[in-house]
Amino acid sequence: MPPKSFDCIVVGGGPAGSTVAYTLAGLGVNVAILECGDPSSPKVCGGGLQVKAASLLPFDVKEVVEREIYGMVFQRGLTDRFTRRSKAPISYMLNRARFDNLLLGHAVESGATLFAGERALSIEPAAGRTQKTRISTGGGDFEARVIVGADGANSLVGRSIHPDGIAQVQLGIICELKKRGDNAHIPEDLFMVDWGTVPGGYAWMFPKEKTLTVGAMVPRELTRTLNAYLKAYVEREGLSITDERLLVHPIPTRGEGEAIASAWGLLVGDAAGLTDPFTGEGLYYAIKSGQIAAAHVERLLAGSHNDGGLFDYEAEKDSGLMQEIIVAGKMRSFFNTFSRYIHNLYRRNDRLWYAFCEVLRGDRTLEGLRRVRTIPPKPILRYLERFTSWYEAREISRFDESKAFAHVVTEVYAARAGTGA
Ligand SMILES: Cc1cc2nc3c(=O)[nH]c(=O)nc-3n(C[C@H](O)[C@H](O)[C@H](O)COP(=O)(O)OP(=O)(O)OC[C@H]3O[C@@H](n4cnc5c(N)ncnc54)[C@H](O)[C@@H]3O)c2cc1C
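Residues numbered from 1 in each chain as written. Predicted model: local features only at pLDDT ≥ 70, side-chain atom pairs only at ≥ 80, totals over all residues.

### Overview of unusual backbone geometry
Spelled out, the test is: Strands are runs of DSSP state E lasting at least 2 residues, helices are runs of H or I lasting at least 4, and numbering of each runs from the N terminus.
Positive phi, normally seen in glycine, also occurs at Leu 78, with a value near 65 degrees. Tracing the chain through its elements places Leu 78 in the loop between β5 (71-76) and β6 (79-85). Look at Asp 80: it is not a glycine, yet its phi comes out positive at around 35 degrees. By secondary structure assignment, the location of Asp 80 is in strand β6.

### Let's talk about the domain arrangement of the protein
Using the following cut-off: For each domain, the first and last residues come from an automatic or database assignment. Contacts here follow a simple rule: the backbone-placed C-beta atoms of the two residues must lie within 7 Å.
The domains assigned to the protein are domain 1 (4-68 + 90-167 + 254-323) and domain 2 (326-398). Each of domain 1 and domain 2 was reduced to a C-alpha centroid, and the two centroids are 30 Å apart. The interface is formed by 12 residues belonging to domain 1 together with 11 residues belonging to domain 2. Looking at the side of domain 1 that touches domain 2, the elements with two or more residues in it are α2 (51-54) and α8 (321-337).

### As for the sheet that holds strand β14 (residues 202-207)
Put simply, the rule reads: Whether two strands pair comes down to DSSP finding at least two bridges between them. Axis angles are defined between N-to-C directions and span 0 to 180 degrees, where every axis is a line fitted to C-alpha atoms and, for a helix, only to the segment in contact.
The sheet built from 7 strands is open, its strands ordered β6-β5-β13-β14-β15-β12-β16 with mixed pairing. For this open sheet the edge positions go to β6 and β16 (247-253), each flanked by a neighbour on one side alone. Going from strand to strand, the sheet's axes swing by 20 degrees on average, the running direction of each strand aside. In this sheet, β16 lies alongside strand β12 (residues 168-178) in antiparallel orientation, the contact comprising 7 bridges. Following the sheet pairing, Val 169 is matched in β16 by Pro 252.

### Some thoughts on the site of the ligand
This is how it is decided: Only the C-beta atom matters for this test: placed from the backbone, it must lie within 6 Å of a molecule or strand for the residue to be near it. In this count, Pro and Cys sit with the nonpolar residues alongside Ala, Val, Leu, Ile, Met, Phe, Trp and Tyr, while Asp, Glu, Lys and Arg are called charged and the others, Gly among them, polar.
Not every one of the 37 residues close to the ligand is listed here, only the nearest: Gly 12, Gly 14, Gly 172, Gly 269 and Gly 282. If you list the elements that add at least two residues to the shell around the ligand, you get α1 (15-26), β2 (31-35), β12, β16 and α6 (283-301). In the shell around the ligand, the residues fall into 16 nonpolar, 16 polar and 5 charged.

### Considerations on the sheet that holds strand β3 (residues 48-50)
The 3 strands lie next to each other as β3-β7-β4, forming an open sheet whose pairing is antiparallel. Sheet topology places β3 and β4 (65-69) at the edges, where each strand pairs with a single neighbour. Taken pair by pair, the neighbouring strands of this sheet meet at an average axis angle of 30 degrees, ignoring direction. For β4 and strand β7 (residues 91-94), the ladder comprises 4 bridges, and the chain directions are antiparallel. Residue pairing for β7: Val 65 is matched across the bridge by Leu 94.

### With respect to the pairing of strand β13 (residues 191-195)
Selection criterion: Residues with at least 20 neighbouring C-beta atoms inside 10 Å of their own are called buried, those with 12 or fewer are called exposed, and the rest are partly exposed, where every C-beta is derived from the backbone.
Within β13, 4 of the 5 residues are buried, which leaves the element mostly enclosed by the surrounding structure. Pairing between β5 and β13: 5 bridges, direction parallel. In the strand pairing of β13, Met 72 is matched with Phe 191. Strand direction decides the pairing type here: β13 and β14, joined by 4 bridges, are antiparallel. Counted as the bridge partner of Met 192 is Met 205 from β14. In this antiparallel pair of consecutive strands, β13 and β14, the connection spans 6 residues, and Gly 196 shows a positive phi of 75 degrees.

### Here we look at the environment of Ile 123
Looking at the element boundaries, Ile 123 is found in strand β9 (residues 120-124). Look at Ile 123 and you get buried, because 20 C-beta atoms sit within 10 Å. Once the C-alpha coordinates of Ile 123 and Glu 188 are considered, the two residues, 65 residues apart in sequence, prove to be 46 Å apart. Those residues in contact with Ile 123 that sit more than four places away from it in its chain are Thr 133, Ile 135, Ile 147, Leu 156, Val 157 and Ser 160.

Right, dumping it as structure tokens:
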């Protein structure tokens, strides 16, 4: 059978892929999506959609928003907590499966062809600029002038574009706890986070309509602590994980210079490693990179692209989104070096807290946080950036789980034994 032919094939129908397909179809491009997943299966995601991510979308997502978030409960080292609030929402809580289905539905409505249950198995890149790249799936062959890799953290398209893969990877874990008596005290309009416990990592509780999503993320080097950290965090809150499923997933972050484009294709979202290395959030980057990618693909297909072809997409990333990711990485190292100090800054310094809310709403960039007066001047900042990056790496290599939080679990069990609980 001859291959099914399109101008563009998007591999992966998550938020990044749906955004590319929606935008391209709206521009009149003949675009197909190959999506292998089961739409009803749970996604490994906290489900926090920053206000700035929602406002990128040209349609309303309110129907899948389960909670609006107006502030945060900060906790450091599983103790020392305080609450910060904001008048306007900083984030929305959603069910990822419903959100993904909504975006995919919009892509199809605007004219994209969806091949559901179709897994891309291999790619044969085009030999020349005018030829098409071939993709094989269990259901047959496809071909297109441009392939967009929106196939997530373990991207097949990514391996064809940069065989070495993305170097910096963190691991995240989530668990959906049913709403019940022992977690009724968790606020419905706040994020709860614990930081400064595991270097480079943090844990969170996000309220939903029927569940409470608890999760944690740590650098790859500390993978073995992931479960124990989540458990300690949950137990500290007086909750427990019983028979709920724990889901683990990588969070890749692109390093400077790592390839995300070739003559025949490009990568978006997690496949490109476009995630925040501090918070692990990727939905904003998935949507934004999808929109930027679509503009470049359309220009190439229309023959109006300059000589850079799809590589111009990479250049635009380097100067825009990547800058935010680089700043986020530096902020993470700062935090891990001076966690007590920064924790207290967020507690006491209104200007910093409100500036942070502005970042989440999209009224300020992360780079713009540097202009808040509590941040040191540039030459000192540069020195500190080198120092904090070294310090963070040292802390990660020296991390001792038994000192950090094993005692929390023991204390909680002792307290329960004392009360007969
Ligand atoms: C524990 C954890 C918690 C997180 N919490 C948040 C959060 O609260 N907020 C936030 O903003 N971000 C969060 N993230 C990150 C966020 O989930 C990702 O950045 C986001 O899902 C990226 O979207 P994507 O479309 O690039 O990739 P994905 O959502 O991974 O979508 C990829 C799609 O491609 C499909 N696919 C894969 N391979 C193939 C193939 N070969 N053929 C066909 N289809 C294929 C998959 O089925 C999938 O539907 C979290 C991540 C983790 C691990």
